[in-house]
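These are the residues of each chain, in order.
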Amino acid sequence: MFSVKPMKSPLAKVVEAPIHGPTIEVHLADTSYLPRGEKMRKPTHCVLTPKYATLAERIHRLPVYDDDVWILSFPKCGTTWTQEMVWLISHDLDYKTASEVNLLDRSIFLEFSAFVLNFPGDTIEEVENATRPRHIQCHLPIALLPRQIWTVRPKLIYCARNPKDATISYYHHHRHIHGYQGSLQEFLDGILADQVLFGPQIPHTLDFWNIRREMNILFLHFEEMKTSMDAVLRRVCKYFNKTYTDEQLAQLANHLSFDVMKNNKSANNSCVLELVESLSGKKVENFQFMRKGKIGSHSEELTEEYIRKLDEYTQHHLAESDFRFK
Ligand SMILES: Nc1ncnc2c1ncn2[C@@H]1O[C@H](COP(=O)(O)OS(=O)(=O)O)[C@@H](OP(=O)(O)O)[C@H]1O
């Protein structure tokens, strides 16, 4: 299915983090069974962990059901936000259960065990045993998803985000969650050299974009959720065949607003910080998953030089595509 090689780059060293260990490059082999899509690229490599390689086959063979709901994204692109929105819309706005059961238990992060050394559980098994309809979150690229997805055709929701904002968000995530010790510049060079975990981002997004019609993927943008949440909610309702009143949608938009979600212990991923603290024995300071929640916050930290480099990198990847980040 794939071959694996250790990463020798300087960045691989600095991201040899206490939480997930070193990174590897997974090279995809047979992808002939994937949907053909529009302008389908040949999938290349993905940066993952050695522990992932031991779980890859189980993930690839995972049974898929047609009532599954898969939330797919590159890290830091609005996954958690999308998970809470989709779970509520498809569960008749059941705020009571949403407040009592943590989002990570309602919408399970499939490959989470692969990214935490000494993880005290098995998230793949959790998905296998979850009550249907299962809500599953996954950051893997299309070629590493369970193979049955392409024949069983569950609901697929993809969330994209501007790479500059996602990159800065990911940098802070690496510093505080993965124990990344390198500089911002090294991290950015790693992004540009496709060396960062789950990377590269743009081919990840393009692969889902190219099969969105064929696979009936609900394709969302972080920026649209920020600027036009009402329209996004209506699209999600339509996808799930749900009808709610204007008041109910306004209440949901409020529930999903940054400030409300930031203080919602059931959906703000604070339990992940607690897990990281207990595994590393160190306090995670000055960091929350709900960090800034803005469009364009990269401009506070990126130099003109790196804005130009990231723009050129993005343009290069998008040259053959009609896809545009918002
Ligand atoms: N409700 C709401 N409104 C606006 N923004 C929000 C919201 N929820 C999460 N976020 C922002 O999404 C970023 C985290 O993305 P992910 O959830 O994909 O992260 S993860 O990959 O699951 O770790 C992260 O972005 P940054 O603030 O730029 O770091 C979060 O703040």
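Just so we're clear, the structure is a prediction, and the values are computed from it rather than from any experiment. (Residues numbered from 1 in each chain as written. Predicted model: local features only at pLDDT ≥ 70, side-chain atom pairs only at ≥ 80, totals over all residues. Heavy atoms only, no water.)

This brings us to the pattern of salt bridges. With the rule as written, the count across this model stands at 18 salt bridges. Here Lys294 and Glu300 are joined by a salt bridge, their closest N and O atoms 3.8 Å apart. By relative accessible area, which is 46% here, Glu300 ends up partly exposed. Note that Glu305 is salt-bridged to Lys309, the shortest N-O span being 3.2 Å. Linking Glu305 with Lys309, this pair stays in helix 16 (residues 304-318), spanning four residues, or about one helical turn. Assessed through its relative accessible area of 41%, Glu305 is described here as partly exposed. Among the ionic contacts, a cluster of salt bridges with common partners joins Glu224, Arg235 and Lys326. (Salt bridge = Lys/Arg side-chain N within 4 Å of Asp/Glu carboxyl O. Buried < 20%, exposed > 50% of the residue type's maximum accessible area, 1.4 Å probe, protein only. Helix = DSSP H or I, 4+ residues; strand = E, 2+ residues; numbered from the N terminus.)

Let's shift gears to the packing of helix 12 (residues 229-239) against helix 13 (residues 246-255). Taken N-terminus to C-terminus, the directions of helix 12 and helix 13 make an angle of 115 degrees; their axes are 10 Å apart at the nearest point. By the angle between their axes, helix 12 is roughly perpendicular relative to helix 13. Every pair of crossing elements has a handedness; the one defined by helix 12 and helix 13 is right-handed. Mapping the contact onto sequence places Met229, Asp230, Leu233, Arg234 and Cys237 in helix 12 and Asp246, Leu249, Leu252 and Ala253 in helix 13. Split into classes, the residues belonging to the contact of helix 12 with helix 13 amount to six nonpolar, no polar and three charged. (Axes fitted to C-alpha atoms, helices over the stretch in contact; angles between N-to-C directions. Parallel < 35°, antiparallel > 145°, perpendicular 65-115°, else oblique. Left-handed = near helix turned anticlockwise from the far one by under 90°. Contact = heavy atoms within 4.5 Å. Nonpolar A, V, L, I, M, F, W, Y, C, P; charged D, E, K, R; others polar.)

This brings us to a negative patch on the surface. A grouping of Asp105, Glu125, Glu126 and Glu128 is seen on the molecular surface, where their side chains present a negatively charged patch. Among the elements that line the negative patch, the one with the most residues is helix 6 (residues 123-129), at three residues. With respect to the helices and strands, Glu126 occurs in helix 6. According to the relative accessible area criterion, Glu126 is partly exposed, its value standing at 34%. (Patch = residues over 30% accessible without salt bridge, like charges linked within 9 Å, V, L, I, M, F, W, Y side chains within 5 Å. Areas by Shrake-Rupley, 256 points an atom, 1.4 Å probe, with all protein chains shown as cover. Lys, Arg positive; Asp, Glu negative; His and termini not counted. Charge placed at Lys NZ, Arg CZ, Asp CG, Glu CD.)

Quick look at the pairing of strand 8 (residues 217-221) now. Burial runs high along strand 8: five of the five residues are buried. The alternating pattern of strand 8 places Ile217, Phe219 and His221 on one face and Leu218 and Leu220 on the opposite face, and all of these are buried. Bridge analysis of strand 7 (residues 155-160) against strand 8 gives five bridges, and the strand direction is parallel. Looking at the pairing, Ile157 lines up with Leu218 of strand 8. (Pairing = 2+ DSSP bridges.)

Bringing the environment of Pro154 into the picture now. With respect to the secondary-structure elements, Pro154 resides in the loop between helix 7 (149-152) and strand 7. When its relative accessible area of 3% is taken as the criterion, Pro154 is described as buried. Excluding anything up to four places from it in sequence, Pro154 contacts Val64, Tyr65, Asp66, Asp68, Trp70 and Ile149.

As a further point, take the UniProt feature "domain: Sulfotransferase" (unreviewed entry) in the protein chain. Mapped onto this structure's residue numbering, the UniProt feature "domain: Sulfotransferase" (unreviewed entry) falls at residues 66-321. The span residues 66-321 is 49% helical and 9% strand by assignment, and the distance between its end C-alpha atoms comes to 30 Å. (UniProt positions renumbered as here; feature names shortened; annotations may be inferred.)

Attention now moves to the sheet that holds strand 4 (residues 69-73). Taking strand neighbours across the sheet as the criterion, the five strands line up as 5-6-4-7-8 in an open arrangement whose pairing is parallel. The sheet is open, and its two edges are formed by strand 5 (108-109) and strand 8, each paired on a single side. The pairing of strand 4 with strand 6 (residues 135-138) spans four bridges and is classified as parallel. In the sheet register, Ile71 faces strand 6, and the bridge partner there is Gln137.

Of all six residues in strand 7, five are buried; the element is thus mostly enclosed. For strand 4 and strand 7, the ladder comprises five bridges, and the chain directions are parallel. Its bridge partner being in strand 7, Trp70 is matched across the sheet by Leu156.

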